[in-house]
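# A closer look at the structure
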Amino acid sequence: MNDPLTLHIRLNGEPRVFAADPDEKLLELLRRHGLKGAKFGCREGVCGACTVLLDGRAVYACLLPACLADGHEVVTIEGVGDQEHPHPFQQALVEAGAVQCGFCIPGMVLSAKALLDENPQPEDEEIREKMDGNLCRCTGYEKIWTALKAVIAAGGGGGEDAS
Amino acid sequence: MKIKAVRRPETPEQARDWARELGEQALYVAGGTGLHFMTDPAEMVAIPLDRIGLRGVECSGRHYRIGALTPLADVMNYRAERWAFHETGRRTATHQIRNISTVGGNICRVFPWCDLPVALLALEATMVLLGDDGYAVPADDYFASQPARRLANGDLLLAVDVPVLEAHMGFGYRKEVICHSGFSLMTVAARLRLEGDRIRDARVAAGAALPFPARLKQVEALLADQPATPDTFARAATEGVREVAWKGREDWSDAYAAHAAAIAVRDALDRALTFARRRDW
């Protein structure tokens, strides 16, 4: 173990201080501190199951050195709605029956949140560009797409969450 | 490769000085995605560059200056007259990667499948570096060998200058992948300069199916001072790539890579010609 780094991260709206190994990835740090919504999937920046928001942008936590989150804002799925107050996309996923095993869903929600926060009314091409880093091995994407289009049709749902 | 310590500079000069002090242990970290591919067991001291600025794209009139720490997503989203480089950003990896991967990271440690070097060779870009002082290196020299070796002395990439495409110049880019977000199997970029209906000169570069990105000088020679026609492009694309030692990646044979190269070159030239003839700027 190397000397730990001290990282100051605004995590889900709360200022937090973490001790991190210099070699640690953000995903490892988050899960070590109980935030297990971001998943260990491919661990090589392909599947998107580890997606979190760094200063509002979707990134792969499995690739991001934790030290690069120092001084920045991180949002995980734990900071985006809950059972009583889900993010509009979370609600739409349920209503569309778009969740099967659910492993990809936290990443999907965060990518969609970043997309909708930036542009509540994206065209299809922009949706594909911004959601292209999240794989789902169950649904074939149709119902996820339907859910996202429903949120967009209802106004985009930006800014209606806990973060 | 393992990071054993982190030192975070506030300025490019401080980063350079620390890199020089640390010598072979120093490792500049921009977006950090390239670390995944650095598998040697060395223990390094990371120098994250996220606080030293160098982000954004500006047009000076004669060229676009892209800060070395500009994420590829910002390159993709930037729009300006006769700006062609966003296409390269859009076709790189996934949105999550584009959000953290930087222009500098993509061209300081060049892997065979890297996208930007091919485009920057074709566009005749210039790299702006910080050594003892600032200095500039043309793309042809910069990509003549692995840039990471040039930068091993602590020199730091500050920016990339991409010349504005003049009237009658066009740029085309073609990347072959198995899936949209996959690594490139064949990348080709072309810049044409027209004079009436003739090609005054051309710069064509390729990567991914080569050990290292390189210009296709035989293709360029077959284009120069020729009519800008499909026949010219077909001849340049087939004859010009014949002597190149193509190296197929993943499941591609070398012979198939050569076949794909000819198609990609032709496509890139077609796109460059269409770009050059646009009159809606």
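Shown above is the structure to which this text applies.
So, here's what we can say about the structure. On a predicted model such as this, the values are computed, not experimentally measured, just so you know.

A word on the environment of B:Leu22. All names here are of chain B. Among the structural elements, Leu22 can be located in helix 1 (residues 12-22). Classification of Leu22 as buried rests on a relative accessible area of 16%. The sequence separation of Leu22 and Asn153 amounts to 131 residues, and the corresponding C-alpha distance is 9.8 Å. Those residues in contact with Leu22 that sit more than four places away from it in its chain are Arg7, Val45 and Ile47.

It is worth spelling out empty space enclosed by the protein at this point. As enumerated under the stated definition, the model contains 1 cavity of 30 Å³ or more in all. Approximately 40 Å³ is the volume attributed to the largest cavity. For the lining of the largest cavity, the per-class residue count stands at 8 nonpolar, no polar and 1 charged.

Residues and elements named next belong to chain A. Interhelical geometry of helix 2 (residues 88-96) versus helix 3 (residues 105-118) gives an angle of 130° and a closest axis separation of 9 Å. As judged from the angle between their axes, helix 2 and helix 3 are oblique. Judged by the sense of rotation from one axis to the other, the crossing of helix 2 with helix 3 is right-handed. Residues Phe89, Gln90 and Leu93 of helix 2 pack against Ile105, Met108, Val109 and Ala112 of helix 3. A breakdown of the residues in the contact of helix 2 with helix 3 according to their chemical character gives 6 nonpolar, 1 polar and no charged.

This paragraph deals with the layout of surface pockets. Empty space among the atoms becomes apparent when a probe as large as a water molecule is rolled across them. Put simply, the second largest pocket is a space of about 320 Å³. Lining the second largest pocket are 17 residues, with A:Leu54, B:Asp50, B:Arg55, B:Asn99 and B:Ile100 positioned closest to its centre. Elements with a contribution of two residues or more to the lining of the second largest pocket: strand 4 (57-60) of chain A together with helix 4 (95-100) of chain B.

Take the packing of aromatic side chains next. The geometry of an aromatic ring pair is captured by the separation of the ring centres together with the interplanar angle, meaning the angle of the planes. Residue and element names in this part refer to chain B. For the structure on display, the rule yields 11 aromatic pairs over all chains. Residues Tyr64 and Trp83 carry aromatic rings whose centres are separated by 4.8 Å and whose planes lie at 75° to one another, so their mutual orientation is edge-to-face. Of the two residues, Tyr64 is situated in strand 5 (residues 63-67) and Trp83 in the loop between helix 2 (72-77) and helix 3 (86-90); the sequence distance between them amounts to 19 residues. The buried category is assigned to Tyr64, whose relative accessible area is 3%.

Definitions and limits used
- Residues numbered from 1 in each chain as written.
- Chains lettered and ligands numbered in written order.
- Predicted model: local features only at pLDDT ≥ 70, side-chain atom pairs only at ≥ 80, totals over all residues.
- Heavy atoms only, no water.
- Helix = DSSP H or I, 4+ residues; strand = E, 2+ residues; numbered from the N terminus.
- Buried < 20%, exposed > 50% of the residue type's maximum accessible area, 1.4 Å probe, protein only.
- Contact = heavy atoms within 4.5 Å.
- 1 Å grid on protein atoms, 1.4 Å probe; cavity = no way out; pocket = protein on both sides within 12 Å on 5 of 7 lines; lining within 4 Å.
- Points joined across faces, edges and corners; volume = space filled by probe spheres on them.
- Nonpolar A, V, L, I, M, F, W, Y, C, P; charged D, E, K, R; others polar.
- Axes fitted to C-alpha atoms, helices over the stretch in contact; angles between N-to-C directions.
- Parallel < 35°, antiparallel > 145°, perpendicular 65-115°, else oblique.
- Left-handed = near helix turned anticlockwise from the far one by under 90°.
- Phe/Tyr/Trp six-rings, centres within 6.5 Å; stacked < 30°, edge-to-face > 60°.

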